[in-house]
Amino acid sequence: MKIRREKLNAFIEKGVQPFGHRFEVTHHAADIREEFGSLEVEQESSDEVKIAGRIMAIRGHGKASFGVLADRSGSIQIYFKLDVLGEEKYSQFKLLDIGDIIGLRGKVFRTKRGELTVRVENFDLLSKSLRPLPEKFHGLKDVEIRYRQRYLDLIMNPEVRDTFLKRTEIIKSMRKYLDDRNFIEVETPILSTIAGGAAARPFVTHHNTLDTDLYLRIATELNLKRLIVGGFERVYEIGRIFRNEGMDNRHNPEFTSVEIYQAYGDYNDLIDVTEGICCAAAEKIFGTTKITYQGVEIDLKNPPRLSMNDAVKNKTGKDFLSCQTVEEARKMADEIGVAYEERFGIGGILNAAFEEKVEDDLIQPIFITHHPTEISPLAKKNPDDPRITDRFEFFVYGRELANGFTELNDPIDQKNRFEEQLKAREAGDEEAHVMDTDFIRALEYGLPPTGGLGIGVDRLVMLLTDAPSIRDVLLFPTMKVLAE
RNA sequence: GAUUCGCUAGCUCAGUCGGUAGAGCACCUGACUUUUAAUCAGGGUGUCCCGGGUUCAAAUCCCGGGCGGAUCACCA
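Residues numbered from 1 in each chain as written. Chains lettered and ligands numbered in written order. Predicted model: local features only at pLDDT ≥ 70, side-chain atom pairs only at ≥ 80, totals over all residues. Heavy atoms only, no water.

### Section: the confidence of the model for chain A
Summarising the model, chain A shows a mean pLDDT of 94, and 100% of its residues fall at 70 or more. As scored by the predictor, the complex reaches a pTM of 0.93 and an ipTM of 0.90. (pLDDT = per-residue confidence, 0-100.)

Next up, the structure:
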């Protein structure tokens, strides 16, 4: 680093500003490959190109040298020659380091070895790099540096850049899918006085002027349904939500969800939307709905549907919905070694059995439906059996990727459900819903029959980029603060 | 939060039984006008994560702490 500072001063002494300004770029590396790819060995283009990027390698040969310049589209070889540049400019080239950012112009030719190359007629130093980059051969592997200094990761590891470009493509394909079907994209507050719409502990912050605590949203659900009440009929929001929970491969404190609400539809319509979004994204990236995740082949097309109770029954032989009393359900759970808490009803115990015995095995895509009402405080009850709801969750590789249901639009029932949640909260469930009286009031004005859906965007991106950790699909994952 | 593994040069890593801190790449000096992990000759650039302890002597052994990974717990 000391030496690089000396080189920086040497540029200044030569009258060259080491941190340059605007540079007009006519081509990127990929453009050159496309436009001049047909050049024969030792043949040269008639026109000059202007390119800019970061020097990734220098191979010196005395009075001529090769380098590699990387830009957003890839990289291209560049050739510096004393005869072409002259003594002064070539001596400036000698002061360049790997990592420096330059702009240059020159004609394109193909070397004896067949490498498409730009012969540098002249170059401008656009930014002197004062720190050495990681070594090129082994690259940057230290995951801590990769996450904390993502810029280095992006410079050194092209596949990382590729993952994040795919992330953008996936989100674009989602927008297109929804926009094409007349859903409108909206933005709702992140700061709110009530954190509702999901079961999770929120982050708390404080507004000085209002002198009041505010919560960071844990879901977008309730506000989006207010908008359905308001008459939008089809809305969605792609946005960051925040949950004050532990972190691991699948959880980051802030993550991105897309929630979608469709008036006059029900959970079956939203199952179709879920499948449609996932397949559209996979097709955009791979051209097929058949993907490989962590060595397992997965086809996102036409996943089967199975009720939670049947899933548990198939696996354990126990039919929890045949129970008439909690005691019977507890006995069943005991027989198959499933733990439950005192406050659980039949539905809670069924859900515990599902999570314990079934969830991890749901590798191939499947829609699990008809979750117990007890654990679904915002979902509409099934018309034939009030103990369960018209709800679904989409599982792939043992992970919940999406969750949706026919929305509860009966304000009286919703109020009862909130009151049940308050009891659960008092019984020690920190993540039970809080009462949202304005939401009840909105329902009292009339929410049309509506289907709703939430997809974990990061988890979908993980699946489609074969990323083992959620941190691999977040540019700047949450990290512990380093001690001073 | 628990268990476990890791932290040594810019990067990737080695370091034996506790005895002068190592390699490759990068970097520096020199040679080289079509190389591509360029090559050849020479050069080691360090808070061994931090703080204690044991010892004549600690990267190494012990204790505490930090950060990271994995697994579990938690998290619909």
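Still more to cover.
### Overview of the pattern of salt bridges
Under the criterion given, the structure shown has 40 salt bridges. Here Asp299 makes a salt bridge to Lys290, at a shortest N to O gap of 3.8 Å. On the basis of relative accessibility, which here comes to 54%, the residue Lys290 falls in the exposed class. A salt bridge links Lys313 to Asp319; its shortest N-O distance comes to 3.8 Å. Given the relative accessible area of 33%, Lys313 is considered partly exposed. Connected through shared salt-bridge partners, Arg4, Lys7, Asp97, Asp100 and Lys128 make up one network. (Salt bridge = Lys/Arg side-chain N within 4 Å of Asp/Glu carboxyl O. Buried < 20%, exposed > 50% of the residue type's maximum accessible area, 1.4 Å probe, protein only.)

### Focus: the nonpolar core
If you look at soluble globular proteins, the nonpolar side chains tend to sit buried side by side. With 41 residues, the main nonpolar core has Leu178, Val258, Ile260 and Leu300 as its most contacted residues. A total of nine residues in this core trace back to one element, the largest contributor, which is helix α8 (residues 267-286). Counting residues in hydrophobic clusters, the runner-up holds 27 residues, among them Val49, Ile51, Ile78 and Leu96. (Core = buried A, V, L, I, M, F, W, Y, C linked by side-chain atoms within 4.5 Å. Helix = DSSP H or I, 4+ residues; strand = E, 2+ residues; numbered from the N terminus.)

### Looking at the environment of Val25
For Val25, the location among the structural elements is in the loop between α1 (2-13) and α2 (29-36). Judged by its relative accessible area of 34%, Val25 falls in the partly exposed class. Considering only alpha carbons, one finds Val25 and Leu270, 245 residues apart in sequence, at a separation of 46 Å. What Val25 contacts, discounting residues up to four positions off in sequence, is Lys50, Ile51 and Ala52. (Contact = heavy atoms within 4.5 Å.)

### Some remarks on a negative patch on the surface
A cluster of like negative charges, contributed by Asp31, Glu34, Glu35 and Asp47, occupies part of the molecular surface. Counting residues per element, the negative patch draws most heavily on α2, which supplies three residues. On the secondary structure map, Glu35 appears in helix α2. (Patch = residues over 30% accessible without salt bridge, like charges linked within 9 Å, V, L, I, M, F, W, Y side chains within 5 Å. Areas by Shrake-Rupley, 256 points an atom, 1.4 Å probe, with all protein chains shown as cover. Lys, Arg positive; Asp, Glu negative; His and termini not counted. Charge placed at Lys NZ, Arg CZ, Asp CG, Glu CD.)

### A short note on the packing of helix α9 (residues 308-316) against helix α11 (residues 346-357)
Where α9 contacts α11, the axes come no closer than 10 Å and their chain directions differ by 55°. Considering their axes alone, α9 and α11 lie oblique with respect to each other. The handedness of the crossing between α9 and α11 is left-handed. Here α9 contributes Met308, Asn309, Ala311, Val312, Lys315 and Thr316 to the contact with α11, which in turn contributes Leu350, Asn351, Ala353, Phe354 and Lys357. (Axes fitted to C-alpha atoms, helices over the stretch in contact; angles between N-to-C directions. Parallel < 35°, antiparallel > 145°, perpendicular 65-115°, else oblique. Left-handed = near helix turned anticlockwise from the far one by under 90°.)

### Observations regarding the sheet that holds strand β14 (residues 305-307)
Spatially, eight strands are ordered β6-β10-β11-β18-β17-β16-β15-β14 in an open sheet, and the strand pairing comes out mixed. Looking at the sheet topology across the chains shown, the edges are occupied by β6 (184-185) and β14. Of the strand pairs in this sheet, strand β10 (residues 234-242) and strand β11 (residues 254-263) are connected by nine bridges, and their pairing is antiparallel. Residue pairing for β11: Ile238 is matched across the bridge by Val258. Contacts from helix α6 (residues 158-180) reach β6, β10 and β11 within the one sheet, and its direction differs from that of β10 by about 150°. On top of the sheet, α9 reaches β14 and β15 (366-369); it is set at about 85° to β14, its chief contact. (Pairing = 2+ DSSP bridges.)

### A short note on the protein's contact with RNA strand B
Near RNA strand B, the surroundings consist of 54 residues, among which Lys7, Glu144, Ala199, His251 and Glu431 are the closest. Sugar and phosphate atoms form 58% of the subset of RNA strand B atoms that lie within 4 Å of the protein. Contact between RNA strand B and Glu400: a sugar or linking oxygen at 2.5 Å from a side-chain N or O atom of the residue. Elements with a minimum of two residues in the surface near RNA strand B: α1, β1 (44-60), β2 (64-71), β3 (74-81), α4 (143-148), β16 (391-396) and β17 (399-406). Per element, the largest residue contribution to the surface near RNA strand B is five residues, and it comes from α4. (Near = heavy atom within 4 Å. Polar contact = N/O pair within 3.5 Å; in protein donor to acceptor, adjacent residues only side chain to side chain.)

### Examining α11
Over its 12 residues, α11 runs 16 Å from end to end, which matches the ideal 16 Å to within 8%, given 1.5 Å per residue. Taking burial as the measure, the 12 residues of α11 include nine buried ones, the bulk of the element. Three or more residues of α11 are buried, namely Ile346, Gly347, Gly348, Ile349, Leu350, Asn351, Ala352, Ala353 and Phe354. For α11, the secondary structure elements touched by its buried residues are α9, α10 (326-335), β15 and β16. (Expected span 1.5 Å × (residues − 1).)

### Considering the pairing of β17
The buried fraction of β17 is high, at six of eight residues. Two strands pair when backbone bridges link them, and β16 and β17 are joined in this way by six bridges, in the antiparallel orientation. Counted as the bridge partner of Phe394 is Ala402 from β17. Counted between consecutive antiparallel strands, the loop separating β16 from β17 contains two residues, among which Tyr397 sits at a positive phi close to 55°. Two elements, β17 and strand β18 (residues 450-456), share five bridges in a ladder whose sense is antiparallel. Each residue of the ladder has a partner; that of Thr406, found in β18, is Gly451.

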